[in-house]
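Residue-level listing of the chains:
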Amino acid sequence: MTQATETHTSRSTAATFTGLKCKECGSEYEAKAIHVCENCFGPLEVAYDYAQIRRTVTRESIQAGPNSIWRYRSFLPVDSESPIDVGTGMTPLLQANRLARRLGIKRLFIKNDAVNMPTLSFKDRVVSVALTRARELGFSTVSCASTGNLANSTAAIAAHAGLDCCVFIPSDLEAGKVLGTLIYSPTVMAVHGNYDQVNRLCSEVANTHGWGFVNINLRPYYSEGSKTLGYEVAEQLGWQLPDHIVAPLASGSLFTKIYKGFQEFVKVGLVDEKPVRFSGAQAEGCSPIAKAFEEGRDFIQPVKPNTIAKSIAIGNPADGVYALDIARKTNGNIESVNDQEIIEGIKLLAETEGIFTETAGGTTIAVLKSWSKRANQPR
Ligand SMILES: *Cc1c(COP(=O)(O)O)cnc(C)c1O
């Protein structure tokens, strides 16, 4: 099997990231394939030299970059002058007037990652970054634990980059999602169990084969890819932040990274500071973060998922407590909707805007709809 043979720790002068830092205790580490703090078991996050970014990055320099997430390369944890660019990102931000009217919302935009490249989901962002970093770290086999979309994306982008790929999925995934992975000919391990069990298995396997698991030992790099959705929203709104973000929550990573992305843009002077409310959507059959929010708890009680929204069915969300904190301190809200409402959400978005998403999109629209029923205002 393949092994990570070399570990680059020296960086090109273009690199702006300085290493990894524990989100809990602040311990610092080299930018290797590690994700847990040795001192306190907290999650590791990528740290940057923002003074350098502030000196070198402007709106114009970003706009002169590629029409993909790599226009934000200075904010991403890669050394390479030639990242894996399969056209990921810069998806449309559509003003959704017909849907807004139906919901009684004044101005509403849809960030349509259902047309992301190459596998039509948000996951292409995180995987493009994770595999670029995996290649830099010397991995020749990449892997993941997935609820479907991540497996599709990892298999596709690994194929493009010529990396070997082995994905682990729950054996009861939708056939369409499984086909969307198999077509790229990775090794697929279908595990009897739910995503959380698959993930636990992978955590044990991760350090035995010398593979790069995008959402385990490469998780600090992987999750940074989510920031690009936030950067794009700010750029597409004409370099300003929105009033309110509503996003689907699985592990809570996307949600927390949009927040981090906005803060970074403010910090380096690309946008003006402004309070942004952060609200989240979950499926009732897997809503540990929404439940903790509702009950005023600051810890997450893991659940066994039972919902059609499989792409966001994570019962033990790694970034759940951070998502809770952000929703609370920005005066946002986190709510759940049932499977019937999710189906209606998918239909409503399709009928009003011509956008046909999978269940995560339906969940988000259904939560918006339930708020609009309560006088257009989340509490
Ligand atoms: C993975 C995923 C999300 C968000 O997942 P997080 O783990 O919270 O980052 C949202 N929507 C879709 C379609 C996804 O596949």
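What you see is a predicted model; the values in this text were computed from it and never measured.

1. Describing the pattern of salt bridges
Working definition: two side chains of opposite charge can pair if their charged atoms are close together.
Here's step 1: On inspection of all chains with the given rule, the structure shows 22 salt bridges.
Here's step 2: Across the pair glutamate 45 and lysine 23 runs a salt bridge, and its minimum N-O distance is 3.9 Å. Linking glutamate 45 in strand β3 (residues 44–48) with lysine 23 in the loop between β1 (17–22) and β2 (28–29), this pair joins segments that are 22 residues apart in sequence.
Here's step 3: Overall, glutamate 45 belongs to the buried group, its relative accessible area being 17%.

2. Re the site of the ligand
Here's step 1: Near the ligand, the surroundings consist of 13 residues, among which Lys123, Asn149, Ser251, Gly252 and Leu254 are the closest.
Here's step 2: In this structure, an oxygen atom belonging to the ligand sits 2.9 Å away from a main-chain N or O atom of alanine 250.
Here's step 3: Serine 253 has a polar backbone atom sitting 3.4 Å from an oxygen atom of the ligand.
Here's step 4: Calculation on the ligand without its partners gives an accessible area of 390 Å², and the protein chains cover 93% of this total.
Here's step 5: For the shell around the ligand, the residue count by class is seven nonpolar, four polar and two charged.

3. Details of the packing of helix α4 (residues 123–136) against helix α5 (residues 149–161)
Here's step 1: It is at 9 Å that the axes of α4 and α5 come closest, and there the two elements cross at 45°. Between α4 and α5, the interaxial angle falls into the category oblique. Viewed along their axes, α4 and α5 form a crossing whose handedness is right-handed. Between α4 and α5, the contacting residues are Lys123, Asp124, Val126, Val127, Ser128, Leu131 and Arg135 on the first element and Asn149, Leu150, Ser153, Thr154, Ile157, Ala158 and Ala161 on the second.

4. Thoughts on the packing of aromatic side chains
Here's step 1: On inspection of all chains with the given rule, the structure shows twelve aromatic pairs.
Here's step 2: The interplanar angle of 55° and the centroid separation of 6.2 Å between the aromatic rings of tyrosine 72 and phenylalanine 265 together place this pair among those described as tilted. One end of the pair, tyrosine 72, is in the loop between α2 (59–63) and β4 (93–95); the other, phenylalanine 265, is in helix α10 (residues 253–267), and 193 residues separate them in sequence. When sorted by exposure, tyrosine 72 lands in the same class as phenylalanine 265, which is buried.
Here's step 3: Feature note: the residues Tyr72, Phe75, Tyr231, Trp239 and Phe265 constitute an aromatic cluster, connected by ring pairs.
Here's step 4: When the ring centre of phenylalanine 299 is taken as reference, the NZ or CZ atom of arginine 297 above it lies at 5.1 Å.

5. As for the sheet that holds β3
Here's step 1: Spatially, three strands are ordered β2-β1-β3 in an open sheet, and the strand pairing comes out antiparallel. In this open sheet, the two edge strands, each paired with only one partner strand, are β2 and β3.

6. Comments concerning the nonpolar core
Here's step 1: Counting 76 residues, the largest nonpolar core has Phe75, Leu131, Phe265 and Phe278 as the members making the most contacts within it.
Here's step 2: If you count residues domain by domain, this core takes at least three from each of domain 1 (17–53 + 123–223) and domain 2 (93–120 + 226–375).
Here's step 3: Core analysis: the second largest hydrophobic core is formed by 36 residues, Phe168, Cys202, Leu349 and Ala360 among them.

7. Points about helix α13 (residues 339–353)
Here's step 1: Between its first and last C-alpha, α13 extends 21 Å over 15 residues, near the 21 Å set by a 1.5 Å rise per residue.
Here's step 2: Along α13, the residues classified as buried are Ile342, Gly345, Ile346, Leu348, Leu349 and Thr352. For α13, the arc enclosing every buried residue in end-on projection is 165°, short of the 170-degree limit, so these residues lie on one face.
Here's step 3: In the core, the buried residues of α13 are packed alongside α3 (97–103), β5 (109–111), β11 (277–283), β12 (334–337) and α14 (359–373).
Here's step 4: Between a side-chain oxygen at the N-terminus of α13 and the backbone nitrogen of glutamine 340 the separation is 3.1 Å; the capping residue is asparagine 338.
Here's step 5: Phi turns positive, to about 70°, at glycine 354, one or two residues after α13.

8. Details of the pairing of strand β10 (residues 244–248)
Here's step 1: Burial along β10 is one-sided: the face carrying Ile245 and Ala247 is buried and the face carrying His244, Val246 and Pro248 is not.
Here's step 2: Two strands pair when backbone bridges link them, and β10 and β11 are joined in this way by five bridges, in the parallel orientation. From the neighbouring strand, proline 248 faces β11, where its bridge partner is alanine 281.
Here's step 3: What joins β10 to β11 is α10, and the crossover it makes is right-handed.

9. With respect to the domain arrangement of the chain
Here's step 1: Taken domain by domain, the chain consists of domain 1 (17–53 + 123–223) and domain 2 (93–120 + 226–375).
Here's step 2: Here domain 1 and domain 2 have C-alpha centroids that lie 22 Å from each other.
Here's step 3: Counting residues at the interface gives 28 residues for domain 1 and 33 residues for domain 2.
Here's step 4: Contact between domain 1 and domain 2 buries roughly 2400 Å² in total, counting both sides, with carbon and sulfur atoms accounting for 45%.
Here's step 5: Contact with domain 2 buries area across many residues of domain 1, yet Tyr50, Asp124 and Arg125 alone supply 29% of it, more than any other trio.
Here's step 6: Connecting domain 1 to domain 2 are six salt bridges.
Here's step 7: Here aspartate 113 makes a salt bridge to arginine 125, at a shortest N to O gap of 2.7 Å.
Here's step 8: Viewed at the interface, domain 2 and domain 1 are joined by 18 residue pairs in polar contact (both at pLDDT 80 or more).
Here's step 9: Top contributing element to the side of domain 1 that touches domain 2 by residue count: α5, with five residues.

Cut-offs and rules
- Within each chain, residue numbers correspond to sequence positions counted from 1 in written order.
- In view of the model being predicted, local features appear only for residues whose pLDDT reaches at least 70, and side-chain atom pairs are presented and counted only at 80 or more, with totals across whole chains, interfaces and linings using the full set of residues.
- Here the side-chain values reflect all heavy atoms present in the structure, with hydrogen atoms and water set aside.
- Just to be clear on terms, a salt bridge is a Lys or Arg side-chain nitrogen sitting within 4 Å of an Asp or Glu carboxyl oxygen.
- Only DSSP runs of H or I reaching four residues or more are called helices, and only runs of E reaching two or more are called strands; each is numbered from the N terminus.
- Throughout this description, buried means an accessible area under 20% of the type-specific maximum (1.4 Å probe, protein chains only), exposed means over 50%, and partly exposed covers the range between.
- We define proximity as follows: a residue is near a molecule or strand when any one of its heavy atoms falls within 4 Å of that partner.
- What qualifies as a polar contact is a pair of N or O atoms within 3.5 Å, subject to a donor-acceptor requirement within protein and to the restriction that residues adjacent in sequence count only when both atoms come from side chains.
- Residue exposure ignores everything except the shown protein chains as possible cover, and the areas themselves are Shrake-Rupley values with a 1.4 Å probe.
- Each residue is assigned to one class: nonpolar for Ala, Val, Leu, Ile, Met, Phe, Trp, Tyr, Cys and Pro, charged for Asp, Glu, Lys and Arg, and polar for all the others, Gly among them.
- Working convention: axes come from line fits to C-alpha atoms, limited for helices to the stretch in contact. Angles between N-to-C directions cover 0 to 180 degrees.
- Here is the rule for angles: anything less than 35 degrees is roughly parallel, anything more than 145 is roughly antiparallel, 65 through 115 is roughly perpendicular, and the remaining ranges are oblique.
- Crossings are sorted by hand: turned counterclockwise from the far helix by less than a right angle, the near helix makes the crossing left-handed, and turned clockwise it makes it right-handed.
- Throughout, a contact is declared for two residues whenever any of their heavy atoms are within 4.5 Å.
- Note on aromatic pairs: the rings of Phe, Tyr and Trp (six-membered ring only in Trp) are paired at centre separations within 6.5 Å, and the planes decide the class, stacked below 30 degrees, edge-to-face beyond 60, tilted for the rest.
- Charge over a ring is defined by NZ of Lys or CZ of Arg lying within 6 Å of the ring centre and within 35 degrees of the ring normal.
- Here a strand pair is declared whenever DSSP counts at least two bridges between the two strands.
- In this text, buried Ala, Val, Leu, Ile, Met, Phe, Trp, Tyr and Cys residues form a nonpolar core when linked through side-chain atoms within 4.5 Å.
- An automatic or database domain assignment supplies the start and end points of every domain.
- A helix is expected to reach a length of 1.5 Å times the quantity of its residues less one.
- Along the arc lie the directions from the helix axis toward the C-beta atoms.
- By definition, the crossover connecting two strands over a helix is right-handed if that path, from the first strand to the second, turns clockwise as seen with the strands pointing away from the viewer.
- Defined in terms of a 1.4 Å probe, buried area is the accessible area two parts forfeit on being brought together, summed over both.

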